[in-house]
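Observations on the three-dimensional arrangement
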Amino acid sequence: MCRLDLIHILDKMKIGSLFSGIGGIDLGFEQAGVEILWANENDKDACKTYRHNFPSTNLFEKDVRYLDAYELDYVDILTAGFPCQPFSVCGNKKGFSDERGNLFFEIMRIADVIQPTVIFLENVANITEHDKGQTFNVIHNELASRDYYIRYLIADACDYGIPQHRTRTYIIAFKSKTVCERFAFPEKRNLELSITDVIDRTEKAEERLYLSRDSYEYNRLVSFIQDTNQIYRFTDYGIQSSKDGISFTLKANMGTWKNRIPFIKDEFGIRKISPAECLALQGFPKNFGFPNIPTRSAYKQSGNTVVVPLVKELADSIKVAFAAEACKSDTHL
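Residues numbered from 1 in each chain as written. Predicted model: local features only at pLDDT ≥ 70, side-chain atom pairs only at ≥ 80, totals over all residues. Heavy atoms only, no water.

1. Observations concerning the confidence of the model for the protein chain
When the pLDDT values of the protein chain are averaged, the result is 90; 89% of them are 70 or greater. Taken together, the stretch residues 3-9 has pLDDT below 50 and engages in six contacts with residues farther than four places along the chain or on a different chain. (pLDDT = per-residue confidence, 0-100. Contact = heavy atoms within 4.5 Å.)

2. Quick notes on the pattern of salt bridges
All told, the structure shown has 17 salt bridges when counted by the stated rule. Notably, a salt bridge pairs D112 with R146, separated by 2.6 Å at the nearest N-O pair. In this pair, D112 is assigned in helix α4 (residues 104-114) and R146 in the loop between α5 (134-144) and β6 (149-156), connecting sequence segments 34 residues apart. One salt-bridge network, held together by shared partners, links D112, E142 and R146. (Salt bridge = Lys/Arg side-chain N within 4 Å of Asp/Glu carboxyl O. Helix = DSSP H or I, 4+ residues; strand = E, 2+ residues; numbered from the N terminus.)

3. Observations regarding the packing of aromatic side chains
Scanning the entire structure with this criterion turns up 13 aromatic pairs. One aromatic cluster in this structure is built from Y50, F54, F284 and F288. Over the face of the ring belonging to Y148 we find K175, whose NZ or CZ atom lies 4.5 Å from the ring centre. Residue placement shows K204 over the ring face of Y210; its charged tip is 5.9 Å from the ring centre. (Phe/Tyr/Trp six-rings, centres within 6.5 Å; stacked < 30°, edge-to-face > 60°. Lys NZ or Arg CZ within 6 Å of the ring centre and 35° of its normal.)

4. Here we look at the nonpolar core
Membership of the largest hydrophobic core comes to 43 residues, with the highest contact counts inside it found for F29, I77, F120, I172, F174 and I318. Secondary-structure elements contributing two or more residues to this core are α2 (24-31), β2 (35-41), α3 (44-53), β5 (118-124), β6, β7 (167-174), α6 (177-182) and α11 (308-331). Per-element accounting of this core gives the leading share, eight residues, to α11. Beyond its immediate sequence surroundings of up to four residues, I318 is in contact with F29, I77, V118, F120, I172, F174 and F183. Counting residues in hydrophobic clusters, the runner-up holds 29 residues, among them L72, A111, I171 and A173. (Core = buried A, V, L, I, M, F, W, Y, C linked by side-chain atoms within 4.5 Å. Buried < 20%, exposed > 50% of the residue type's maximum accessible area, 1.4 Å probe, protein only.)

5. Digging into the packing of α4 against α5
Two elements in contact, α4 and α5, have axes separated by 11 Å at closest approach and are oriented at 5°. In terms of orientation, α4 and α5 fall into the roughly parallel class. Contacts between α4 and α5 involve F104, F105 and M108 from the first element and V138, I139, E142 and L143 from the second. Looking at side-chain class alone, the contact of α4 with α5 contains six nonpolar, no polar and one charged residues. (Axes fitted to C-alpha atoms, helices over the stretch in contact; angles between N-to-C directions. Parallel < 35°, antiparallel > 145°, perpendicular 65-115°, else oblique. Nonpolar A, V, L, I, M, F, W, Y, C, P; charged D, E, K, R; others polar.)

6. Notes on the sheet that holds strand β3 (residues 58-61)
Note: strands within a sheet are paired through backbone hydrogen bonds, in either parallel or antiparallel orientation. Strand order in the open sheet formed by seven strands is β3-β2-β1-β4-β5-β7-β6, and the pairing between neighbours is mixed. Only two strands of the sheet have a single neighbouring strand rather than two, namely β3 and β6. With direction set aside, neighbouring strand axes in the sheet form an average angle of 15°. With seven bridges connecting them, β5 and β7 associate as antiparallel partners. For V118, the partnering residue across the bridge sits in β7 and is F174. Running over the sheet, α2 touches β1 (14-18), β2, β4 (77-80) and β5 and is turned about 145° from β4. The sheet strands contacting α4 are β1, β2, β4 and β5, and the helix crosses β5 at an angle near 170°. (Pairing = 2+ DSSP bridges.)

Shown next, in the form of structure tokens:
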């Protein structure tokens with residue numbers, strides 16, 4: 001039987017986050033009972049949203065390249081959802097030759113000082129295949145050279161309870177080989193929710209979200225929409241529909257091009273889904289909100305963040321692995 005003081009240590013685990021955005025990864029860990037000690041983000045509007053929802057967290061608002069690792073308190077877990085555009089099939093795919101891709105090495109710079117027990121990384125699915133696997137090899141070798149043991153998962157959010165196709169790579173590196181061996185990724189499960197469980201079509205939304213019946217977008221959509229249980233958006237190739245009540249991947253370009261914001265037909269007309277509904281499709285709770293920031297920034301932030309419930313499950317799995325190791329150690333005392 002495990003000693004209570006060993007398990008109590010697990011409830012005091014702390015994280016520090018880099019490339020924090022609006023705090024999606026942080027929220028998942030917080031929901032798992034891990035304390036957020038500090039965070040770092042450079043985008044000013046994302047920082048406003050972060051502070052609005054995490055008022056007690058010490059947020060360093062600056063370019064990570066100018067973040068002094070020696071002013072950061074020790075944390076057990078270092079997290080980073082580092083820029084994905086250099087590795088994405090939808091981005092320029094320049095990888096480490098892109099200035100943003102090179103920001104990965106800033107994570108290593110800070111880890112060298114902090115020496116966290118766990119490093120948690122999130123990026124696009126394509127990062128494992130980018131540059132014929134060489135990019136992932138660099139990441140693996142950088143972690144392994146610092147004596148980390150690595151597990152990774154390519155996961156689609158809809159396989160873990162969220163009605164959105166959002167495939168991402170999660171890399172979890174452990175200082176302890178035995179804890180790494182005890183770590184198990186959460187099991188896939190049947191999806192029980194659909195878009196209409198997240199977005200209410202029976203209640204009228206804000207008037208500004210509805211399309212004018214005289215608009216080009218309205219007239220294109222009204223003849224295209226056959227299934228009101230789906231959402232729709234314009235692409236370079238025409239109108240895209242979700243399928244089986246599962247949203248397509250929400251993207252940051254919702255903040256750049258208005259017609260890339262998904263549309264839904266409800267009982268009152270055809271409208272854009274709101275930033276709050278975008279967050280709901282990412283699994284954020286209703287009490288998570290936006291401060292007074294431009295709407296385009298709210299949409300961009302909604303597309304840039306992570307699926308919170310999946311991060312929570314991963315954080316729970318990390319804690320379980322440490323608990324199992326603590327129990328094993330206790331039997332030898």
